[in-house]
2 protein chains.
Amino acid sequence: MRVDKLAVIGVGLIGASCALAARAAGAVTQVVGIGRSQANLDRALARGAIDRGLLLDADWAREVADADLVLIAIPVAQYRGVLPTLAGVLGDRTVITDAGSTKQDVVLAARETLRAKLAQFVPGHPIAGSERSGAEAGDAALYVGRQVILTPLPETSAEAVALVTDFWTACGARVALLDPGRHDRILAAVSHLPHLLASTLVAELASRKDSAEYLGSAGSGFRDFTRIAGSSPEMWRDIALANRDALLTEIAAYRTALDALASSIEHGDGAALDTMLTRASEARRSWSETAGGIVATRDGR
Amino acid sequence: MRVDKLAVIGVGLIGASCALAARAAGAVTQVVGIGRSQANLDRALARGAIDRGLLLDADWAREVADADLVLIAIPVAQYRGVLPTLAGVLGDRTVITDAGSTKQDVVLAARETLRAKLAQFVPGHPIAGSERSGAEAGDAALYVGRQVILTPLPETSAEAVALVTDFWTACGARVALLDPGRHDRILAAVSHLPHLLASTLVAELASRKDSAEYLGSAGSGFRDFTRIAGSSPEMWRDIALANRDALLTEIAAYRTALDALASSIEHGDGAALDTMLTRASEARRSWSETAGGIVATRDGR
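Per chain, the residues get numbers from 1 upward, laid out in the order the sequence is written. To label them, take the chains in the order written and letter them from A, then take the ligands in the order written and number them from 1. Per-residue local features are limited, in this predicted model, to residues with pLDDT of at least 70; the limit for side-chain atom pairs, both in listing and counting, is 80 or more; totals at the level of whole chains, interfaces and linings are taken over all residues.

## Focus: the overall build of chain A
Note the cut-off: Starting at the N terminus, helices and strands are each numbered in turn, a helix being any DSSP run of H or I of at least four residues and a strand any DSSP run of E of at least two. Remark: C-beta atoms are placed from the backbone, and a residue is labelled buried if 20 or more other C-beta atoms sit within 10 Å of its own, exposed if 12 or fewer do, or partly exposed between those counts. Here the contact rule is simple: place C-beta atoms from the backbone, and any two residues whose C-beta atoms are within 7 Å are in contact.
Along the backbone of chain A there are 13 helices and nine strands. On the principal axes, the C-alpha backbone points of chain A span a range of 65 × 40 × 35 Å. Residue burial in chain A is summarised as follows: out of 301 residues, 56% are buried. In chain A, of all internal contacts separated by at least 6 residues, the share reaching a separation of at least 24 is 77%.

## A short note on the environment of glycine 33 of chain B
All names here are of chain B. Its place among the elements puts glycine 33 in strand β2 (residues 28-35). C-alpha separation for the pair glycine 33 and glycine 216, spaced 183 residues apart in sequence, amounts to 42 Å. Apart from the residues within four sequence positions on either side, glycine 33 is in contact with Val8, Val11, Leu41, Ala44, Ala49, Ile50 and Gly53.

## Considerations on the relation of the copies chain B and chain A
Defined as follows: All copies are superposed by least squares; the fitting set is the C-alpha atoms of residues with a pLDDT of at least 70 in both.
Least-squares fitting of chain B to chain A yields an RMSD of 0.0 Å, with the superposition described by an axial translation of 0.0 Å and a rotation of 180°. Expressed as a symmetry operation, the mapping of one chain copy onto the other fits a two-fold axis. Identified as the residue of chain B closest to the rotation axis by C-alpha distance is phenylalanine 225 of chain B, at 2.0 Å.

## A few points about the interface of chain B and chain A
Inclusion rule: Any residue outside Ala, Val, Leu, Ile, Met, Phe, Trp, Tyr, Cys, Pro, Asp, Glu, Lys and Arg is labelled polar, Gly included; the first ten of those are nonpolar and the last four are charged.
Counting residues at the interface gives 82 residues for chain B, matched by 82 residues for chain A. Elements with a contribution of two residues or more to the side of chain B that touches chain A: β8 (147-150), α7 (180-206), α8 (211-216), α9 (220-226), α10 (233-242), α11 (244-266), α12 (270-289) and α13 (293-298) of chain B. Of the residues contributing to the side of chain B that touches chain A, the split by class is 46 nonpolar, 20 polar and 16 charged.

## Concerning the sheet that holds strand β9 (residues 174-177) of chain A
All names here are of chain A. Defined as follows: The criterion for strand pairing is that DSSP finds at least two bridges linking the strands in question. Each axis is a line fitted through C-alpha atoms, taken for helices only over the stretch in contact, and angles between the N-to-C directions span 0 to 180 degrees.
The strand order across the open sheet built from three strands is β7-β8-β9, with neighbouring strands paired in mixed fashion. Whereas interior strands pair on both sides, the edge strands pair on one side only; in this sheet they are β7 (124-126) and β9. Across the sheet, the mean angle separating the axes of adjacent strands is 20° when strand polarity is ignored. Relative to strand β8 (residues 147-150), β7 runs antiparallel, the two sharing three bridges. What sits directly across from histidine 125, in β8, is isoleucine 149. Its contacts with the sheet put helix α6 (residues 158-170) on β7, β8 and β9, and the angle it makes with β8 is roughly 170°.

## Concerning helix α6 (residues 158-170) of chain B
Residues and elements named next belong to chain B. Put simply, the rule is: What a helix should span is 1.5 Å times the count of its residues minus one.
Helix length check: α6, at 13 residues, gives a terminal C-alpha distance of 18 Å against a target of 18 Å (1.5 Å per residue), a fit within 8%. Every buried residue of α6 is listed here: Ala160, Leu163, Val164, Thr165, Phe167 and Trp168. A positive phi of about 105° marks glycine 172, the residue just after α6.

## Overview of the sheet that holds strand β2 (residues 28-35) of chain A
All names here are of chain A. Taken together, the six strands give an open sheet; going across it, the order is β3-β2-β1-β4-β5-β6, and neighbouring strands pair in parallel fashion. Strands with a single pairing partner mark the edges of an open sheet, and in this sheet they are β3 (52-55) and β6 (121-122). Taken together, the four bridges between β2 and β3 define a ladder with parallel strand orientation. Its bridge partner being in β3, glycine 33 is matched across the sheet by glycine 53. Where α6 meets the sheet, its contacts fall on β1 (3-9), β4 (69-72), β5 (95-98) and β6, and the angle it forms with β5 comes to roughly 55°.

## Details of α7 of chain B
Residue and element names in this part refer to chain B. The criterion, for reference: Axes are fitted to the seven residues ending at a residue and to the seven starting at it; the angle between these axes is taken as the bend at that residue.
In this model α7 runs 36 Å from its N-terminal to its C-terminal C-alpha over 27 residues, within 8% of the 39 Å that 1.5 Å per residue would give. Where α7 bends most, at alanine 188, the angle is about 50°. Among the 27 residues that make up α7, 25 are buried, leaving the element largely enclosed by the rest of the structure.

## Structural notes on the pairing of β9 of chain A
Residue and element names in this part refer to chain A. What counts, and what does not: Whether a crossover is right-handed depends on one test, that the path from the first strand over the helix to the second runs clockwise when the strands point away from the viewer.
Two elements, β8 and β9, share four bridges in a ladder whose sense is parallel. In the strand pairing of β9, glutamine 147 is matched with arginine 174. In this fold, the crossover linking β8 to β9 by way of α6 has right-handed handedness.

## Examining the domain arrangement of chain A
Residue and element names in this part refer to chain A. Applied cut-off: By convention here, the domain bounds are inherited from an automatic or database domain assignment.
Assigned domains of chain A: these are domain 1 (3-178) and domain 2 (182-267). Put simply, the middle of domain 1 and the middle of domain 2, counted by C-alpha atoms, are 29 Å apart. The interface is formed by 14 residues belonging to domain 1 together with 15 residues belonging to domain 2.

## Focus on the packing of helix α7 (residues 180-206) of chain A against α7 of chain B
Selection rule: For classification, angles of less than 35 degrees are called roughly parallel, those exceeding 145 degrees roughly antiparallel, those between 65 and 115 degrees roughly perpendicular, and all remaining angles oblique. Left-handed describes a crossing whose near helix is turned anticlockwise from the far helix through less than a right angle; right-handed describes the clockwise counterpart.
For the pair α7 of chain A and α7 of chain B, interaxial distance at closest approach is 12 Å and the crossing angle is 165°. Classified by the angle their axes make, α7 of chain A and α7 of chain B are roughly antiparallel. Both α7 of chain A and α7 of chain B take part in a crossing whose hand is right-handed. Packed against α7 of chain A, whose contacting residues are Ala189, Val190, Pro194, Leu197, Leu201 and Leu205 of chain A, the element α7 of chain B presents Ala189, Pro194, Leu197, Leu201 and Leu205 of chain B at the interface.

## Section: the nonpolar core
Filter applied, for reference: As used here, a nonpolar core is made of buried Ala, Val, Leu, Ile, Met, Phe, Trp, Tyr and Cys residues. They are joined through C-beta atoms within 7 Å.
In this structure, Val8 of chain A together with Leu6 and Val8 of chain B are the most contacted members of the largest nonpolar core, which totals 205 residues. Leaving out residues up to four positions away in the same chain, valine 8 of chain B has contacts with Gly15, Cys18, Ala19, Val31, Gly33, Ile50, Leu71 and Ala73 of chain B.

## Things to note about unusual backbone geometry
The backbone of arginine 115 of chain A shows a phi angle near 45°, a positive value even though the residue is not glycine. Here arginine 115 of chain A lies in the loop between α5 (104-113) and β6.

## Topic: the packing of helix α11 (residues 244-266) of chain A against α7 of chain B
Running from N to C, α11 of chain A and α7 of chain B cross one another at 120°; their axes reach a closest spacing of 10 Å. If you check the angle between α11 of chain A and α7 of chain B, you find them oblique. Between α11 of chain A and α7 of chain B lies a crossing of right-handed hand. Contacts between α11 of chain A and α7 of chain B involve Ala253, Tyr254, Ala257, Leu258 and Leu261 of chain A from the first element and Leu196, Thr200, Leu201 and Glu204 of chain B from the second. Class assignment for the residues of the contact of α11 of chain A with α7 of chain B results in seven nonpolar, one polar and one charged.

## Points about the confidence of the model for chain A
Residues and elements named next belong to chain A. How we decide: What pLDDT expresses is the predictor's confidence in each residue, scored from 0 to 100.
Of all residues in chain A, 96% have pLDDT values of 70 or greater, and the mean over the chain is 94. Across residues 293-301 the pLDDT falls below 50, and counting only partners more than four positions away or on other chains, this stretch makes 14 contacts in the model. Across the interfaces of the predicted complex, the ipTM metric reaches 0.85, alongside a pTM of 0.85.

Okay, here's the thing in C-alpha cells:
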C-alpha cells in the first residue's frame with residue numbers, strides 16, 4: 001500500500017512518529033506537515049519526518065486539498081479550528097483520519113463541520129504515546145505491535161476505512177474497530193483514569209511542605225507508577241474535560257474499590273486483601289503475557 | 001570493608017541480590033543462606049549467591065551464632081518465628097540487620113525478643129525491588145545508586161550502625177538514617193499507597209465481566225502504572241496490615257485529592273485541572289532529574 005501525499009496536521013510526537021513510520025515502511029511518497037511552531041516544523045524537517053512545513057496560521061488549505069490522506073494529530077480541543085477549513089477545500093478522494101484520545105467529541109465536531117464530506121472521515125486513536133512530546137520525540141517504531149482503534153461512523157465509506165486500516169497496518173500497528181462511545185468508556189478506564197490517578201498522587205505529595213523528604217525516599221515502584229504524571233498538562237486537561245461522563249463513572253467505580261481497600265486495612269481483613277491483591281497480580285501477569293504484545297515488543301517487560 | 005561471615009535469612013530477590021552485591025564488591029568472605037524452600041536454596045547456590053544453604057526448619061541457629069552480620073530478608077510477618085532463636089544463640093560481636101518494608105512493627109518485635117541484645121540490631125530498609133521474586137531474580141546491581149534507610153534504636157550501638165552502613169555502601173547503596181515512625185509514614189505515601197492503588201485498579205478492571213475488552217485496549221501508560229500490581233500478594237497484604245495507621249492516613253489524603261479531581265471534572269473547571277496537572281508534571285520531571293539518581297542508574301528514564 002502506498003499513499004502518494006500525506007498531510008499531517010500537528011507534527012508532535014504522534015504526528016511525527018506516524019510520518020516517520022510511514023516513510024520507513026515505504027507507505028508514503030511525500031509528507032506535508034502543518035503546525036503551530038516554526039521551530040518544531042524545522043525539527044520535523046531536519047529529522048526527515050516531513051518534506052515541507054506550513055504554519056497553521058498560514059494558508060495551508062490548498063496543500064491538503066489534493067492530499068490522499070490527512071492525519072489530524074493536534075489536541076482534540078483544537079479540532080474546531082481546523083475542520084471547517086478542511087471541509088471547505090477537501091477533494092472527493094481525500095480521506096481524513098485523526099489520532100485524538102477521545103472519540104465521541106471528535107465525532108460530534110466532525111458531524112457539525114464536515115457535513116457532506118463525513119463519508120471521508122475515519123475517526124481513529126493509536127494507543128501509543130510517551131511522556132515526551134514534539135517532533136524531536138518522533139519514533140518510527142512507536143506503533144509497532146500497538147493497537148489503533150478506528151471508530152467509523154455509519155456514514156463513513158468502506159473504502160476510507162480500508163485505506164486508513166492499510167496505512168496503520170503498514171506502520172506496524174494492529175487495527176481494531178469500535179463504537180465511539182465504547183471507545184471512550186474503555187479508554188477512560190485503562191488510560192485516562194490511570195493518568196489522572198498518577199498525577200493526583202504526585203500533585204498531592206508535591207503540595208506538602210515536607211514534600212522533598214517524601215519524594216527523596218521514592219523508589220522504582222513510584223517511578224513507574226508516576227511516569228505518566230510527567231505528561232503534557234494541557235493535553236490531559238483537555239482529555240479529562242472531553243471525556244467527562246465516562247471518567248466520572250470510572251472515578252466513582254474506583255472510589256468504591258478504594259473504600260473497600262481502606263475498610264479491609266482498617267479491620268485487619270487479611271483474607272479480603274489477599275483476594276484483591278491475588279486477583280490483581282494474576283490479571284497483571286496474564287495481561288503482560290498476552291495483550292501486552294505491546295510489552296514484549298517495546299521493552300521486554 | 002569486609003565481613004567474614006554473612007548469614008542471609010531468606011534468600012529471595014532482596015537477600016540473594018544483597019549476597020551477590022557483597023560478593024561482587026569483595027565485601028564478604030563466606031555467605032550462609034537460610035530459607036524455606038530447598039529448591040530456592042539450590043538456585044541461590046547455583047547462582048553463587050551463597051556458599052551453603054540450610055532450611056528454616058532445620059537447626060540453623062549454630063550457623064548464625066558466629067556470623068559477623070545477619071541479614072533478615074523474609075516477610076516482616078515471619079520475624080517472630082526467627083528473632084527468638086537468634087536471641088538465644090547470638091554471639092556478642094554479631095550484628096543483625098533486616099530488609100523489612102515497615103519498621104515500627106519490626107522495632108516492636110525486636111524489643112520483645114532480642115532484649116539484652118538490642119544494641120546489636122540495626123533495623124533497615126533497602127528501597128529497591130522488582131515485581132520478580134526468588135533467588136533466580138537476584139541481581140548484584142539491584143542496590144546501585146538506591147537508598148537504604150536505617151532506623152536505629154536509642155539502644156543500638158554506634159559500631160553496629162557503622163558496620164551496616166559500610167556494608168550497604170559497599171553494595172552500592174546510599175545510606176540514610178530515619179526515625180522508624182517517620183520511615184513508615186513516608187513509605188506509606190511513596191511506596192505502599194502507589195502499590196495498593198495500582199492493584200486496586202487492576203483488580204477492579206479484572207472483576208468486570210467484559211474485562212478482556214478493557215485490558216485488550218490498555219497501552220504503555222497502563223503497563224507502567226500497573227507494573228507493581230504484579231508483585232507478591234502475600235508480601236503486600238502483610239505490608240498493608242503492618243503499616244495500617246500510616247496507610248489509612250494516606251488513603252484518606254488521597255481520597256480528598258480524588259474528590260477534588262472529580263469535582264473539577266464534573267464542573268468543567270479547566271483551571272483547577274491545569275493547576276493540579278502542572279504541579280504533578282513539574283514535580284515528576286524534577287524528581288526524575290534529581291532524587292531519581294535511582295532512575296538514571298537503572299534505566300535512564
